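Structural description and commentary
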Amino acid sequence: MSTKVVIKQSTYFDSVSLMSLSTKANQIEGVEQAVIAMGTDMNKEVLKNVGLLTPELEAAKTSDLMIVVKAATDELCESALIAIDELFKKKGGSKSATEIKYSTIDSAAASIPEANLAVISVNGAFAAREARKALENDLHVMLFSDNVSIEEEIALKQFAHEKGFLMMGPDCGTAIIGNVALCFGNAVRKGNIGIVGASGTGSQEVSVRIHDFGGGITQLIGTGGRDLSEQVGGIMMLDGIKALEEDEATKVIVLISKPPAPSVQEKVLAQVKNSKKPVVVYFIGGDEAAVVQAGGHFAKTSKEAAIKAVVLAGANEDELNKRALNWPLIEEVRAKLTPEQKYVRGLFCGGTLCDEAMYLAMDKYEDVYSNIQKKADYKLKNIHESKAHTFLDMGDDDFTNGKPHPMIDPSTRIARFLEEAKDPSVGVILMDFILGFGSHEDPVGVMLPAIIEAKDQAAKEGRHLEILGYVLGTDLDTPNFDEQVKKLMDAGVTIASSSTNAGLLAREFVAKGE
């Protein structure tokens, strides 16, 4: 086995680009393993853990680009490096002749005075500095970068609040501003519903369901996942609500979050109470009584949040196709499963989609485990070993430390799927497939060989393996929504029409004695 290393000094690429390039590099014929990353301590630790760290790589600076290739021979390594170099050339060559590259935010802001927003995706060590520069240049900020300290986050959001600007993030993956999706997002129609979300895929799901029910979006303002923590205090969500209240085009506001800190929920609901516009509150596992007391419209699920939003925005509820749960299908699947097949295994790219399915399972079962469980007794001690009903957020830091997000590179999920499929106690494997900007170009296609293999193996062993898929996307998205669904159905996968229905179907499929 041979390993080759290339270090390009003072050559920066953002994390999203490097994730995509790493995925393509690992698909090069003959490559055993390829890593393309900046020379950060975290990335060096990943290289050390997989046995690829060399003294040369150890000496790399955070501003240096590291390229590592492992293959059977020196010749294969060299040809892979040439192919990787071509990938970089294609990336650079994709820009139009009129596109200008700026080396600093200051120079970009000076050259484009009409610009009012900066999207920042740089090494976490420099992210706060660049975000502050953008704010100082009177730019709203979407900070995609993670690994920003909570102290820096608080300081940035307080500074932005004082200046009257949005500070979305850090670790903000989804926004739709002026009908343009930023980072991860879906193509949805313009409408009169505004969203403030502390969850990326949760916001995507609600926006897609609103589109599905005939509504549309004015703005989708992301906050970053820590915004509703005790420390940050919901600064961005409160400012986001204010911004939508002042937006004449927005008639209804939707708030989305995983469970917020109790004191922060109080502050948010106090602002909801004073809002002149109807506000739908979808806080997973949230307090319905508190929301209702504040004059808000409580939603237990993402689907319910979308339905309430479009009805408040003017739709006739009786005319909506709500896609009720398919009970004949549930009975059909139950009949196929053996008494031993009593567990659900959820393998998710989207954290909030995982949370929603998990909470729906918790409504029915006690033994529900996860890497993101709030209950300590049900939080997996070893994320590599499932127990009973297990729901995994494979986009969490547990799985993505130094690796691409599964929305970009699904290889980690594929490996875990094949392991779960071997377990004779598993009746259902539930997976999401997320379409849209920033996601894998064919999330279903890349998973199909593993799905076919798993179903064939289960059949040889005389058991039915129910695979339940949910495709998050719209008719306007790329890749084509209908084509992705058809691929799954042709492979024998059952399709859920929403994240909510996916969670409900999964838990009901394995119910015994009902």
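Report on the accompanying structure. Keep in mind the model is a prediction, meaning the values are calculated, not measured.

1. Some details on the packing of aromatic side chains
On inspection of all chains with the given rule, the structure shows three aromatic pairs. With 5.0 Å between their ring centres and 65 degrees between their planes, Phe-13 and Phe-88 make a pair best called edge-to-face. With a gap of 75 residues between them, Phe-13 in the loop between strand E1 (2–8) and helix H1 (15–25) and Phe-88 in helix H4 (residues 74–93) connect regions that are remote in the sequence. Its relative accessible area of 22% is what places Phe-13 among the partly exposed residues. Accessibility expressed as a relative area gives 9% for Phe-88, which makes it buried. Centroid distance Tyr-369 to Tyr-378: 5.2 Å. Interplanar angle 55 degrees. Geometry classified as tilted.

2. Some thoughts on a negative patch on the surface
On the surface, Asp-146, Asp-171, Asp-397 and Asp-398 cluster together into a negatively charged patch. Summarising the element assignment, Asp-397 is placed in helix H15 (residues 397–400). Classification of Asp-397 as exposed rests on a relative accessible area of 56%.

3. Structural notes on the sheet that holds strand E2 (residues 31–38)
Taken together, three strands build an open sheet; the order of strands is E1-E3-E2 and the sheet is antiparallel. The sheet terminates laterally at E1 and E2, the two strands that pair on one side only. Across the sheet, the mean angle separating the axes of adjacent strands is 10 degrees when strand polarity is ignored. Of the pairings in the sheet, the one linking E2 to strand E3 (residues 65–71) comprises seven bridges and is antiparallel in character. Bridge assignment links Ala-34 to a residue of E3, and that residue is Val-69. Packing of helix H2 (residues 41–49) onto the sheet brings it into contact with E2 and E3, and relative to E3 it is tilted by some 10 degrees.

4. Things to note about helix H16 (residues 411–421)
Among the residues making up H16, those that are buried are Arg-413, Ile-414, Arg-416, Phe-417, Glu-420 and Ala-421. Down the axis of H16, the buried set is contained in an arc of 170 degrees. They therefore lie on one face. Looking at the packing, one finds that the buried side of H16 touches strand E14 (343–348), strand E16 (389–393), H15, strand E17 (426–434), helix H17 (448–460) and strand E18 (466–472).

5. Quick word on the sheet that holds strand E6 (residues 167–168)
Taken together, three strands build an open sheet; the order of strands is E4-E5-E6 and the sheet is parallel. Unpaired on one side and paired on the other, strand E4 (117–120) and E6 mark the two borders of the sheet.

6. Thoughts on the side chain of Thr-352
Here Thr-352 lies in helix H14 (residues 351–362). The residues touching Thr-352, leaving out its near neighbours within four places in the chain, are Ser-199, Thr-201, Gly-202, Lys-258 and Ile-284.

7. Comments concerning the environment of Leu-312
Note on placement: Leu-312 falls in helix H12 (residues 302–312). On the accessibility criterion, Leu-312 (32% relative accessible area) is partly exposed. Residues Leu-312 and Ser-425, spaced 113 residues apart in sequence, show a C-alpha to C-alpha distance of 44 Å.

8. Let's talk about the environment of Lys-487
Assignment of secondary structure puts Lys-487 in helix H18 (residues 481–490). Classification of Lys-487 by relative accessible area gives partly exposed; the value is 30%. C-alpha of Lys-487 to C-alpha of Leu-117: the two residues are 370 residues apart in sequence and 38 Å apart in space. When near neighbours in sequence (up to four residues on either side) are disregarded, Lys-487 contacts Asp-442, Val-444, Gly-445 and Leu-448.

About the criteria used
- Residues numbered from 1 in each chain as written.
- Predicted model: local features only at pLDDT ≥ 70, side-chain atom pairs only at ≥ 80, totals over all residues.
- Heavy atoms only, no water.
- Phe/Tyr/Trp six-rings, centres within 6.5 Å; stacked < 30°, edge-to-face > 60°.
- Helix = DSSP H or I, 4+ residues; strand = E, 2+ residues; numbered from the N terminus.
- Buried < 20%, exposed > 50% of the residue type's maximum accessible area, 1.4 Å probe, protein only.
- Patch = residues over 30% accessible without salt bridge, like charges linked within 9 Å, V, L, I, M, F, W, Y side chains within 5 Å.
- Areas by Shrake-Rupley, 256 points an atom, 1.4 Å probe, with all protein chains shown as cover.
- Salt bridge = Lys/Arg side-chain N within 4 Å of Asp/Glu carboxyl O.
- Lys, Arg positive; Asp, Glu negative; His and termini not counted.
- Charge placed at Lys NZ, Arg CZ, Asp CG, Glu CD.
- Pairing = 2+ DSSP bridges.
- Axes fitted to C-alpha atoms, helices over the stretch in contact; angles between N-to-C directions.
- Contact = heavy atoms within 4.5 Å.
- Arc of directions from axis to C-beta.

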